[in-house]
Amino acid sequence: MKETYQEMKARHQKEVNGFPLGFAFSNKQFDEMMKKWNLDPKKDLDKICSIGAGGFVQKKDSERMNNMFDKIEQEEKEAMKDDDFLISAFEYELGNHEYIITGEFDDTLEALNLTVEEVTEDKRMLECLYKARQNYLKSMEEMGY
């Protein structure tokens, strides 16, 4: 049986959650993160790098982190070649980004690392998006929205 979009998303999230990333939004949190890694918050700054948004990784783990995210991206791209998977991904993200309220596809596509241009230029993807939209709106109607 093929993995569903939600199963893949959960598996990828578990993998990321298990990776030794640190987040700090204050000096106290930064010091705690460094101590957790057995690093000195003043002397070992050369052993870490920022990944943005308050996130940090030890330099020794940065290549492994990049490989993990590349693998995740590749798995998602490969899975999206299957129409059923793509439709379910679109449906999930339409709901997750409240398409029923916004009427916008932007957040849905961004969550799937897709651009409007990519989807509109690919007949198969566009048909899958419209099918997912139809399914999503039908389910919302059945729920009384």
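Residues numbered from 1 in each chain as written. Predicted model: local features only at pLDDT ≥ 70, side-chain atom pairs only at ≥ 80, totals over all residues. Heavy atoms only, no water.

Peer 1: Can you walk me through the layout of surface pockets in this structure?
Peer 2: Remark: the empty space left among the atoms is shown by a probe the size of a water molecule rolled over them. Within this model, the largest pocket holds a volume of roughly 230 Å³. As for the largest pocket, its lining consists of Y5, K9, H12, Q13, V16, F69, I72, E76, M80, A111, L112 and N113. Looking at the lining of the largest pocket element by element, the count peaks at 5 residues for helix α1 (residues 5-17). When its residues are assigned to classes, the lining of the largest pocket shows 7 nonpolar, 3 polar and 2 charged. (1 Å grid on protein atoms, 1.4 Å probe; cavity = no way out; pocket = protein on both sides within 12 Å on 5 of 7 lines; lining within 4 Å. Points joined across faces, edges and corners; volume = space filled by probe spheres on them. Helix = DSSP H or I, 4+ residues; strand = E, 2+ residues; numbered from the N terminus. Nonpolar A, V, L, I, M, F, W, Y, C, P; charged D, E, K, R; others polar.)

Peer 1: Looking at this model, I keep getting lost on the packing of aromatic side chains. Mind explaining?
Peer 2: Each aromatic ring pair is specified by the distance between its two centres and by the angle formed by the two planes. If you walk through the whole model with that rule in mind, you get 5 aromatic pairs. Taken together, a centroid distance of 5.0 Å and an interplanar angle of 20° make the contact between Y99 and F105 stacked. Note on Y99 and Y136: the rings are 6.2 Å apart at their centroids and 70° apart in plane angle, and the pair reads as edge-to-face. Note that Y99 is positioned in helix α5 (residues 99-102) and Y136 in helix α8 (residues 123-142), a separation of 37 residues in sequence. Here Y99 matches Y136 in class, with each residue buried. Taken together through their ring pairs, the aromatic side chains of Y5, F85 and Y92 make up a single cluster. (Phe/Tyr/Trp six-rings, centres within 6.5 Å; stacked < 30°, edge-to-face > 60°. Buried < 20%, exposed > 50% of the residue type's maximum accessible area, 1.4 Å probe, protein only.)

Peer 1: What is the right way to read the sheet that holds strand β3 (residues 55-58) from this model?
Peer 2: Sheet strands pair via backbone hydrogen bonds, and the direction of the pair is either parallel or antiparallel. Read across the sheet, 3 strands follow the order β1-β3-β2 without closing on themselves; strand pairing throughout is antiparallel. With one partner strand each, in any of the chains shown, β1 (21-23) and β2 (48-52) form the two edges of the open sheet. Neighbour to neighbour, the strand axes of the sheet diverge by 35° on average, direction disregarded. In this sheet, β3 lies alongside β1 in antiparallel orientation, the contact comprising 3 bridges. Bridging across to β3, G22 finds its partner in F56. Across the sheet, helix α3 (residues 59-79) is in contact with β1, β2 and β3; its angle to β3 comes to roughly 105°. (Pairing = 2+ DSSP bridges. Axes fitted to C-alpha atoms, helices over the stretch in contact; angles between N-to-C directions. Contact = heavy atoms within 4.5 Å.)

Peer 1: Is there a simple way to think about the pattern of salt bridges in this case?
Peer 2: Opposite charge on two side chains lets them pair, provided their charged atoms get close. This model, assessed by the stated rule, comprises 13 salt bridges. Two residues, D61 and K60, come together in a salt bridge whose shortest N-O distance is 3.6 Å. Residue classification places D61 among the buried residues on the basis of a relative accessible area of 6%. Accessibility expressed as a relative area gives 65% for K60, which makes it exposed. (Salt bridge = Lys/Arg side-chain N within 4 Å of Asp/Glu carboxyl O.)

Peer 1: Explanation requested: a negative patch on the surface in the structure shown.
Peer 2: On the surface, a cluster of negative charge is made up of E104, D106, D107 and E110. Examined against the element boundaries, D106 turns out to sit in helix α6 (residues 106-111). Given the relative accessible area of 45%, D106 is considered partly exposed. (Patch = residues over 30% accessible without salt bridge, like charges linked within 9 Å, V, L, I, M, F, W, Y side chains within 5 Å. Areas by Shrake-Rupley, 256 points an atom, 1.4 Å probe, with all protein chains shown as cover. Lys, Arg positive; Asp, Glu negative; His and termini not counted. Charge placed at Lys NZ, Arg CZ, Asp CG, Glu CD.)

Peer 1: I would appreciate a short explanation of empty space enclosed by the protein in the present structure.
Peer 2: On inspection of all chains with the given rule, the structure shows 1 cavity of 30 Å³ or more. Empty space within the largest cavity amounts to approximately 40 Å³. Residue lining of the largest cavity: E73, E76, K77, M80, L112 and N113, and that is the complete set. Tallied by class, the residues present in the lining of the largest cavity amount to 2 nonpolar, 1 polar and 3 charged.

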